[in-house]
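Structural overview for review
The primary structure of each chain is shown beneath.
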Amino acid sequence: MSVLGGIPKVFDENLLIGYDSSDDAAVYKLSEDIAVVMTLDFFTPVVEDPYTFGKIAAANALSDIYAMGGEVKAALNIVAFPEKEMDTRILGEILRGGAQKVHEAGGVLSGGHSINDVSPKYGLSVMGVVHPAGILPNNGCKIGDKIILTKPVGIGIILTAHRLDAADSESYLEAVKNMETLNKYAADVMKKYPVNACTDVTGFGLLGHLGEMVPKGMSAIVQASKVPVIQGAYALAKEFYITGSAQKNANFMKERVRLDNVDFAMKEILFDPQTSGGLLISVPGKDAGMLASELKDNGVDAHEIGEIMPFKDFDIEVIP
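Everything numeric here is computed off the predicted structure, so don't read it as measured data.

Conventions used here
Residues numbered from 1 in each chain as written. Predicted model: local features only at pLDDT ≥ 70, side-chain atom pairs only at ≥ 80, totals over all residues. Heavy atoms only, no water. Pairing = 2+ DSSP bridges. Helix = DSSP H or I, 4+ residues; strand = E, 2+ residues; numbered from the N terminus. Right-handed = clockwise from strand over helix to strand, strands pointing away. Buried < 20%, exposed > 50% of the residue type's maximum accessible area, 1.4 Å probe, protein only. Phe/Tyr/Trp six-rings, centres within 6.5 Å; stacked < 30°, edge-to-face > 60°. Contact = heavy atoms within 4.5 Å. Axes fitted to C-alpha atoms, helices over the stretch in contact; angles between N-to-C directions. Domains from an automatic or database assignment. Buried area = accessible area lost by both parts, 1.4 Å probe. Salt bridge = Lys/Arg side-chain N within 4 Å of Asp/Glu carboxyl O. Polar contact = N/O pair within 3.5 Å; in protein donor to acceptor, adjacent residues only side chain to side chain. Disulfide = S-S within 2.5 Å.

Glancing now at the sheet that holds strand S10 (residues 197–200). The strand order S10-S13-S9-S14-S11-S15-S12 describes an open sheet built from seven strands, whose pairing is mixed. At either margin of the open sheet sits one strand with a lone partner, and together these are S10 and strand S12 (257–258). Of the strand pairs in this sheet, strand S9 (residues 145–149) and strand S13 (residues 279–284) are connected by five bridges, and their pairing is antiparallel. Counted as the bridge partner of Ile148 is Ile281 from S13.

As a further point, take the pairing of strand S7 (residues 108–116). Note that strand S6 (residues 71–81) and S7 share seven bridges and pair parallel. By the bridge assignment, Ile78 is partnered in S7 with His113. Each parallel crossover has a hand, and for S6 linked through helix H2 (residues 88–104) to S7 it is right-handed.

Within helix H6 (residues 205–213), eight of the nine residues are buried, which leaves the element mostly enclosed by the surrounding structure. Considered for burial, the residues of H6 that qualify are Gly205, Leu206, Leu207, Gly208, His209, Leu210, Gly211 and Met213.

Let us look at the packing of aromatic side chains. Under the counting rule described, the total for this entry stands at three aromatic pairs. One aromatic cluster in this structure is built from Phe43, Phe53 and Tyr122.

So, on to the side chain of Asn249. Its location among the elements puts Asn249 in helix H8 (residues 244–253). Asn249 has contacts with Gly203, Phe204, Gly205, Phe271 and Pro273, leaving out every residue within four places of it along the chain.

Another aspect to go through is the sheet that holds strand S8 (residues 121–130). Sheet architecture is open: six strands sit in the order S3-S4-S5-S8-S6-S7, paired in mixed fashion. The strands lining the two open edges of the sheet, one partner per strand, are strand S3 (15–17) and S7. Each strand axis lies, on average, 20° off the axis of its neighbour in the sheet, ignoring direction. Looking at chain direction, S3 and strand S4 (residues 26–29) are connected through two bridges and run antiparallel. What sits directly across from Ile17, in S4, is Val27. Lying over the sheet, helix H1 (residues 50–67) contacts strand S5 (35–43), S6 and S8, oriented at roughly 30° with respect to S8. Where H2 meets the sheet, its contacts fall on S6, S7 and S8, and the angle it forms with S6 comes to roughly 165°.

This brings us to the domain arrangement of the protein. Each assigned domain of the protein is listed here: domain 1 (2–134) and domain 2 (145–319). The C-alpha-based centres of domain 1 and domain 2 are spaced at 22 Å. Between domain 1 and domain 2, the residue contacts involve 22 residues of the former and 23 residues of the latter. Here domain 1 meets domain 2 over a buried area of about 1,700 Å², counting both sides, of which 53% is carbon and sulfur. Run the count over domain 1 and domain 2 and you get one salt bridge. Here Glu180 ties to Lys55 by a salt bridge, and the two come within 3.4 Å at their closest N and O atoms. Counting the contacts that link domain 1 with domain 2 gives ten residue pairs in polar contact (both at pLDDT 80 or more). Of all the secondary structure elements, the ones that give two or more residues to the side of domain 1 that touches domain 2 are H1 and H2.

Among the secondary structure elements, Val229 is positioned in the loop between strand S11 (218–223) and helix H7 (233–238). For Val229, a relative accessible area of 28% corresponds to the partly exposed category. In the structure, Val229 is positioned 41 residues away from Leu270 in sequence and 9.5 Å away in space, judged by C-alpha atoms. In this structure Val229 touches Pro152, Val153, Tyr234, Met266 and Ile269, once residues within four positions along its chain are discounted.

Another aspect to go through is the environment of Ser225. Residue placement: Ser225 occurs in the loop between S11 and H7. You can call Ser225 exposed: its relative accessible area is 56%. A sequence separation of 93 residues divides Ser225 from Val318, and the C-alpha atoms of the two residues are 9.8 Å apart.

So, on to the state of the cysteines. Going through the model one piece at a time under the given rule, you end up with zero disulfides. Cysteine Cys141 shares no disulfide, and the gap to the nearest cysteine sulfur, in Cys198, comes to 9.8 Å. Judged by its relative accessible area of 3%, Cys141 falls in the buried class. On the basis of relative accessible area, Cys198 is assigned to the buried category, the value being 0%.

In structure tokens form, the structure reads like this:
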């Protein structure tokens, strides 16, 4: 037994991916053909409507299964709710939204646990399955891979501006639609291709999560003009509707990223924290065009945004 970060670590050869990794979920092998994928995620409301919040929180939690190459099987609710201060019908709507997304994912909502708290919080513990040979770690990129992103970014900026009555309704509704859209549809297409690595874009922003994907000895080159952005987010960033979390992400990554020729607003977008963001997929260059095309044919807003190259001066370089 060793200690990592104060947590005792016990070796188990069947724990294929655990907490010592920066991956999206834990993976435990049950047999030569089946491994269980386990994840847990919950947070406070990001929108006013409780039903919509339930859908977004569930889609966010379910995403980790898809990012690992897995298939959703079952989920448990995680609930904190101020029972005396708020109408319990609000909780019912949150749970209804979550259940709808679990059902859409093909999973079974199997129960859960709730506590009384000062503010509402909701999410899921999700179990999925994957063939051990089909696990998609987030750091398996290879030189020559192209990077594909399956949802536009800028959600954090839009939500911040919306709270201040500065975002137009079209931008806000686009952000909500993206947040409640399951990554299942992108993952179903992705499984047909020889993908080397995958993760989903959430709180660390596009560049933070891409930084987790790039192995030592390699660099990711991102073309900023190819990164899809939710309408209105760029203009709002120029007006300084930005988030504190984006600043934290930028500070954390500052020694690893070169953004010399990228303007302020685009830098903010690239570090902007996402809720239920898209998948970042690293796939051999020869397959990237076909994957992106098939994703679009299936209704996924996929864009090829960069590539993996031998290490240069930084882990990530962003070009205009």
